Amino acid sequence: MGTKPEPRGGAAPRTLAEALRARTDEDLAALLRARPDLLSPVPTDVTQLATRAGTRASVVRALERLDRFALQTAEALAVAPDPAPYETLLALMAGDEGDPEVEAALPGALGVLRAQALVWGGDDRLRLVRTARELLLPSPTRPSPTGLGPSVAEATAGMSPGRLQEILTAAGLPPTHDPVSAVAALTAVFTDRRRMALLLDTAPPQALAVLDRLVWGPPYGEVTSSPTPPVQWLRDRGLLLPASPRTVVLPREAALHLRAGRAHRVPEPVPPAVTQAAESRPQVVDTAAAGQAFTALTTVEDLLKDWHEGGPPVLRAGGLSVRDLKRTAAALDTTEQLAAFWTELAYAAGLLASDGEADERYAPTPAYDEWLELPPAQRWAELAVAWLSATRAPGLVGTRDSKGRTLFALGPDLDRSAAPAVRLRVLELMASLPAGAVPEPETLLDRLRWERPLRGERGDAAGGGQDLRARMASWALTEAELLGLTGRGALASHARALLGLPDPDGAGDGTAVAAVPRPGPVAYRATADGAPDAGAAARRDRAVALLAPLLPEPLDHVLLQADLTAVAPGPLERPLAETLAVVADVESKGGATVYRFTPASVRRALDAGQAAADLHTFLARHSRTPVPQPLTYLIDDVARRHGHLRVGAASAYVRCDDDALLGEILADRRSQGLRLRRLAPTVLAAQADPAALLDGLRAMGYAPAAESAEGDVVITRAHARRTPPRTPPAPVPEGPPVPDATLLGAAVKAIRAGDLAATVERKPVAEAAAPVHNGEMPRTTPAETLATVQAAAMTGSAVWIGYVNADGAASQRVIAPVRVEGGFVTAYDHTADEVRTYPLHRITGVAELADDSV
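All values derive from a computational prediction rather than experimental measurement.

1. Digging into the overall build of the protein
Right, so step 1: Scanning the protein from N- to C-terminus turns up 34 helices and 28 strands.
Right, so step 2: In the protein, which comprises 854 residues, the share counted as buried stands at 48%.
Right, so step 3: Counting every atom, the protein has about 39,400 Å² of accessible surface; 54% of that belongs to carbon and sulfur.

2. Things to note about the pairing of strand β21 (residues 683-686)
Right, so step 1: For strand β19 (residues 652-655) and β21, the ladder comprises four bridges, and the chain directions are antiparallel. Of the residues in β21, the one forming a bridge with V654 is L684.
Right, so step 2: Sheet topology places strand β20 (residues 676-680) next to β21; four bridges connect them, and they run antiparallel. Note on β21: the bridge partner recorded for R678 is L684.
Right, so step 3: Between β20 and β21, which pair antiparallel one after the other, the connecting turn spans two residues.

3. So, the environment of T844
Right, so step 1: Examined against the element boundaries, T844 turns out to sit in strand β28 (residues 843-849).
Right, so step 2: According to the relative accessible area criterion, T844 is buried, its value standing at 15%.
Right, so step 3: Once the C-alpha coordinates of T844 and R779 are considered, the two residues, 65 residues apart in sequence, prove to be 5.6 Å apart.

4. Side note on the packing of helix α20 (residues 376-389) against helix α24 (residues 468-483)
Two quantities define a packed helix pair, namely the angle between the helix axes and the distance between the axes.
Right, so step 1: Direction vectors running N to C along α20 and α24 enclose 170°, while the axes themselves pass 11 Å from each other. With respect to each other, α20 and α24 are oriented roughly antiparallel. From α20, W380, L383, A384 and W387 reach across to α24, where they touch A476, E479, A480 and L483.
Right, so step 2: Counted by class, the contact of α20 with α24 contains seven nonpolar, no polar and one charged residues.

5. Looking at unusual backbone geometry
Excluding glycine, residues mostly carry a negative phi; peptide bonds, for their part, are mostly trans.
Right, so step 1: Between D82 and the following residue, P83, the backbone shows a cis peptide bond with an omega angle of 0°.
Right, so step 2: Here P83 is to be found in the loop between α5 (68-79) and α6 (86-94).
Right, so step 3: One non-glycine residue, A260, lies in positive phi territory at about 60°.
Right, so step 4: Counting through the fold element by element, A260 comes out in the loop between α15 (252-258) and β6 (276-279).
Right, so step 5: With a phi close to 65°, L410 is a non-glycine residue in the positive phi region.
Right, so step 6: Along the chain, L410 falls in the loop between α20 and α21 (419-431).

6. What to know about the packing of aromatic side chains
Right, so step 1: In the structure shown here, the tally under the stated rule is four aromatic pairs.
Right, so step 2: Where Y803 meets Y838, the ring centres are 4.9 Å apart and the plane angle is 75°; that geometry is what we call edge-to-face. Within this pair, whereas Y803 is found in strand β24 (residues 799-804), its partner Y838 is found in strand β27 (residues 834-839), the two being separated by 35 residues in sequence. Judged on exposure class, the residue Y803 and its partner Y838 are both buried.
Right, so step 3: Lying over the aromatic face of W371, R379 brings its terminal NZ or CZ to 5.3 Å of the ring centre.

7. Topic: the nonpolar core
Right, so step 1: L20, L32, F190 and L239 are the most contacted members of the largest nonpolar core, which has 89 residues in total.
Right, so step 2: Ranked by size, the runner-up nonpolar core spans 79 residues in total, among them A377, L410, L491 and V544.

8. Quick look at the pattern of salt bridges
Right, so step 1: Summed over the entire model, instances satisfying the criterion amount to 30 salt bridges.
Right, so step 2: A salt bridge links R61 to D37, with the shortest nitrogen-to-oxygen separation between them at 3.4 Å. One end of the pair, R61, is in helix α4 (residues 56-64); the other, D37, is in the loop between α2 (25-34) and α3 (46-53), with 24 residues separating them in the sequence.
Right, so step 3: By relative accessible area, which is 12% here, D37 ends up buried.
Right, so step 4: One salt bridge connects R449 with E442, and the closest N-O pair in it is separated by 3.5 Å.
Right, so step 5: Bridged by salt links that share partners, the residues R425, E428, R447 and E451 form one connected network.

9. Structural notes on the sheet that holds strand β15 (residues 565-568)
Right, so step 1: Pairing within the open sheet is antiparallel, and its four strands lie in the order β14-β15-β17-β16. Every interior strand has two partners, whereas the edge strands, β14 (559-561) and β16 (585-588), have only one. On average, each strand axis in the sheet is tilted by 30° relative to the strand beside it, whichever way the strands run.
Right, so step 2: Of the pairings in the sheet, the one linking β15 to strand β17 (residues 593-596) comprises four bridges and is antiparallel in character. Looking across to β17, one finds that V567 is bridged to V594.

10. What about the side chain of T443?
Right, so step 1: For T443, the position within the fold is in helix α22 (residues 441-451).
Right, so step 2: When neighbours within four sequence positions are excluded, T443 is seen to be in contact with A273, V274 and T275.

11. A look at the packing of helix α17 (residues 322-332) against helix α18 (residues 336-348)
Right, so step 1: The contact between α17 and α18 brings their axes to 9 Å, and the two run at 90°. Considering their axes alone, α17 and α18 lie roughly perpendicular with respect to each other. Note on element contacts: α18 touches α17 through E336, A339, A340, W342 and T343, opposite L325, K326, T328, A329 and L332.
Right, so step 2: For the contact of α17 with α18, a count of residues per class yields six nonpolar, two polar and two charged.

12. Let's talk about the sheet that holds strand β3 (residues 220-222)
Right, so step 1: Spatially, β3-β5-β4 is the arrangement adopted by the three strands of the open sheet, whose pairing is antiparallel. In this open sheet, the two strands that pair with only one neighbour each are β3 and β4 (241-244). Taking the axes of each pair of neighbouring strands and ignoring which way they run, one obtains an average angle of 40° across the sheet.
Right, so step 2: For β3 and strand β5 (residues 247-249), the ladder comprises three bridges, and the chain directions are antiparallel. Counted as the bridge partner of G221 is V248 from β5.

13. Quick notes on the confidence of the model for the protein
Atom-level detail of predicted coordinates should not be read off regions where pLDDT is low.
Right, so step 1: For the protein, the mean per-residue pLDDT works out to 82, and 87% of the residues sit at or above 70.
Right, so step 2: Scored below 50 in pLDDT, residues 506-532 makes 64 contacts in the model with residues more than four places away or belonging to other chains.
Right, so step 3: Long-range and interchain partners of residues 765-774, a stretch whose pLDDT sits below 50, account for 15 contacts in this model, where long-range means more than four residues apart.

14. Regarding the pairing of β4
It is a general feature of regular strands that their side chains alternate between the two faces of the sheet.
Right, so step 1: Two strands pair when backbone bridges link them, and β4 and β5 are joined in this way by three bridges, in the antiparallel orientation. Note on β5: the bridge partner recorded for L241 is V249.

15. Some words on α2
Right, so step 1: Where α2 is concerned, the buried positions are L28, A29, L31 and L32. Axial view of α2: buried residues confined to an arc of 155°, hence all on one face.

16. Comments concerning a negative patch on the surface
Right, so step 1: On the surface, a cluster of negative charge is contributed by D657, D658, D659 and E664.
Right, so step 2: Within the secondary structure, D659 is located in helix α31 (residues 659-667).

17. Some remarks on the side chain of D401
Right, so step 1: Here D401 is to be found in the loop between α20 and α21.
Right, so step 2: A polar contact is formed between the side chain of D401 and the backbone nitrogen of K403, at a distance of 3.0 Å.

Reading the values: rules and limits
- Residue numbers run consecutively from 1 along every chain, following the written order of its sequence.
- Predicted model: local features are reported for residues with pLDDT of at least 70 only, side-chain atom pairs are reported and counted for 80 or more only, and whole-chain, interface and lining totals are derived from all residues.
- Based on all heavy atoms of the structure, the side-chain values leave hydrogens and waters out of the count.
- Each helix is a run of DSSP H or I of at least 4 residues and each strand a run of E of at least 2, with the numbering of both proceeding from the N terminus.
- For every residue, the accessible area obtained with a 1.4 Å probe (protein chains only) is divided by the maximum for its type, and the residue is called buried under 20%, exposed over 50%, and partly exposed between those limits.
- Shrake-Rupley sampling with a 1.4 Å probe provides the accessible areas, and residues are treated as covered by the protein chains on show and by no other component.
- In this analysis, strands are considered paired if DSSP registers two or more bridges between them.
- Fitted lines through C-alpha atoms serve as axes, helices being fitted only where they are in contact, and the angles separating the N-to-C directions of these axes extend from 0 to 180 degrees.
- Angles below 35 degrees are treated as roughly parallel, those above 145 as roughly antiparallel, those between 65 and 115 as roughly perpendicular, and all remaining angles as oblique.
- We call two residues contacting when some pair of their heavy atoms lies within 4.5 Å.
- Only Asp, Glu, Lys and Arg are considered charged, only Ala, Val, Leu, Ile, Met, Phe, Trp, Tyr, Cys and Pro nonpolar, and every remaining residue, Gly among them, polar.
- Only Phe, Tyr and Trp rings take part, Trp by its six-membered ring, and two of them pair if their centres are within 6.5 Å. Stacked means planes under 30 degrees apart, edge-to-face means over 60, and tilted covers everything else.
- Ring-over charges, as used throughout, are those where CZ of Arg or NZ of Lys falls within 6 Å of the ring centre and within 35 degrees of the ring normal.
- Only buried residues count toward a nonpolar core. Its members are Ala, Val, Leu, Ile, Met, Phe, Trp, Tyr and Cys residues joined through side-chain atoms within 4.5 Å.
- By salt bridge we mean one thing: a side-chain nitrogen of Lys or Arg within 4 Å of a carboxyl oxygen of Asp or Glu.
- Known as pLDDT, the predictor's per-residue confidence is scaled from 0 to 100.
- The directions considered for the arc run from the helix axis to the C-beta atoms.
- Patches in this entry comprise residues that are over 30% relatively accessible and not in a salt bridge; like charges within 9 Å are linked, as are nonpolar side chains (Val, Leu, Ile, Met, Phe, Trp, Tyr) within 5 Å.
- Charge assignment in this entry is limited to Lys and Arg as positive and Asp and Glu as negative, and neither His nor the chain termini are counted.
- Charge coordinates come from a single atom per side chain, which is NZ of Lys, CZ of Arg, CG of Asp or CD of Glu.
- Residues adjacent in sequence count toward polar contacts only when both atoms are side-chain atoms; beyond that, a polar contact is any pair of N or O atoms within 3.5 Å, and within protein one must be able to donate a hydrogen and the other to accept it.

In structure tokens:
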């Protein structure tokens with residue numbers, strides 16, 4: 001049966017407000033926790049709370065948070081009589097034959113609906129909130145999810161009395177001249193199992209076939225001006241009633257008989273199980289996940305190194321252009337969709353942002369340099385936490401919004417507030433399987449659809465109306481694997497530790513995880529009272545401790561080879577990797593990275609201020625193999641020629657002590673574009689700028705060096721461009737935040753006090769005073785107000801006042817005056833649960849409370 005206790009006064013509630021007023025403070029707090037939108041702002045009393053709980057926007061939000069069976073229960077109540085006893089609801093859900101699973105689960109579903117104020121009343125008079133009934137009730141323009149049509153009374157509204165008499169006669173019922181009695185008689189036949197069975201026994205087989213097509217919905221069908229005999233037979237007996245001149249409908253009572261009493265074709269009282277598709281050893285899963293975690297770190301580093309000197313420009317409407325996304329994908333050697341994911345991940349972690357200049361470009365933030373100094377496992381934790389809490393959906397990149405506009409990476413329209421909850425729920429469902437188990441994706445999606453059916457049915461314009469929640473779940477599976485939260489499709493142990501998810505043996509603390517945006521790269525989870533969990537930092541440290549031993553140790557050496565390559569058999573220490581990236585070019589990546597030395601790469605190192613001796617020392621110190629002779633010759637040859645030519649700014653000039661070399665340059669046809677002319681035996685002037693002159697000479701095979709106005713060699717190092725300090729993008733919240741225990745307690749006290757002020761019995765102040773009615777502001781003269789509050793201060797009693805604040809907002813309050821002086825009254829405000837001071841001139845009136853009111 002149901003779970004609703006009797007109201008405090010013992011009488012059945014007549015309204016939702018009375019039902020809420022009868023609840024305990026704990027029940028009201030549970031309602032406000034489940035529907036936090038009711039707290040914006042805090043209702044002044046229970047009546048306002050009930051009114052707000054019945055608004056369309058709030059009811060829609062509450063219905064969207066119901067699981068499938070709770071929603072089916074609400075849908076059944078929408079087509080049941082109002083009010084409906086529990087037995088009627090059970091019959092609609094379990095049918096004539098009964099269903100043990102439905103019978104066991106129905107009290108819980110009804111309890112959820114009651115707790116969220118969608119259903120009120122005792123088990124003998126269950127009432128669905130009117131707004132919810134209107135949303136779920138069938139209509140010609142909006143069929144019911146149950147597939148049921150209107151009732152006989154609704155379908156026959158406006159039908160002529162003569163037509164009603166014809167239906168009664170065809171159904172074998174005595175005629176009546178009262179339309180109400182006629183409708184009641186026809187309804188009684190359709191709801192009587194025995195009489196309805198006898199009527200259908202006389203139906204032609206073709207008529208039964210028509211009913212079979214309509215019974216599970218949609219219940220409407222089109223007819224011609226000359227219907228077929230089976231359809232005419234059904235119309236004559238009211239089994240098909242006119243909905244429009246060319247449309248008929250199967251009345252709800254008849255459909256329920258044909259369905260054996262069920263409101264739903266397939267009730268789903270039990271959530272679908274997430275099944276196991278494959279299994280790996282937990283150690284293999286953790287190792288694979290650690291490998292992916294390391295790849296994620298290197299990929300993010302490669303992305304931001306590529307944008308080290310300033311990344312691509314920001315589109316006028318915001319975001320990264322398709323061309324720049326393609327270039328980024330090529331630089332990362334990945335697909336455009338994955339490149340969008342990595343850029344969005346760096347953006348969510350606060351490592352990447354726009355610089356805000358007039359020629360706005362993307363660049364690393366100062367936080368990127370701090371992130372690089374962290375140990376690898378901690379850097380991974382920062383990325384994982386940013387992904388968990390981000391509301392941006394990289395999977396939408398390349399799709400179109402409702403207005404047909406393309407969605408770009410890093411653009412402003414990628415936020416989807418449900419994304420963090422979907423990611424978290426996917427990982428929680430994976431954690432419900434044994435360690436190393438890989439979930440069957442389709443069963444996981446089925447479970448998500450059962451838990452939030454309305455969210456899935458709503459779809460998304462960017463996905464062509466598809467189930468956005470299911471698509472976000474699929475993206476979450478892929479992204480978790482890329483990030484190293486899962487390995488080989490199974491949840492890794494360091495991911496369980498980071499989220500505080502249950503251990504494989506089922507041990508857990510029973511709280512739900514929720515990611516909270518920064519400050520602080522720490523995942524949080526909601527405790528029972530909705531407050532942030534103080535153990536988040538400890539869980540993050542635990543995850544880092546589990547992951548750190550699995551990540552490869554950085555190496556301090558490479559293997560030099562005779563073909564002018566160097567092989568790094570693993571990740572390199574940062575100083576070594578940075579220097580090697582200057583002196584050599586990356587040729588290939590994978591388990592080992594191959595670097596190739598070229599004249600251009602050696603010249604790049606010399607331009608950066610390195611000498612040939614420095615390069616020889618560096619390579620000898622960091623190579624486990626002897627330095628090959630060809631590499632030594634390459635460095636010496638480039639160094640010998642490097643700086644022999646000097647390029648400076650005149651517009652630009654070339655000077656060299658070897659006038660024969662300058663003559664060779666002048667004679668070379670490739671130098672014509674530089675427009676060189678000899679000024680002196682050792683100096684050439686050019687009409688090109690120094691940078692173009694340097695590039696031109698290098699393209700001709702020379703190794704010129706730039707020099708300053710003082711004649712010194714200019715050392716060119718990569719310019720590290722950084723944005724001003726930036727905070728990570730704030731996630732877009734999915735509705736109001738869940739209130740904590742302190743706020744809930746204060747809100748319940750304020751509602752109770754306001755309810756007391758609005759409903760207590762009051763005494764008239766004086767015979768001449770205007771009478772005071774419940775819910776109205778009291779009105780007394782200033783002299784009467786002063787005398788009453790002074791008397792209350794002397795006796796320590798509470799009074800009821802009307803008060804208008806400085807903004808002109810009026811309210812009712814119950815106060816206990818403590819002191820009255822200087823035109824102010826200092827009192828304990830029962831409504832606010834604190835001591836306050838009120839100007840007497842802002843009190844509209846005062847009334848004493850009845851002796852038993854407080």
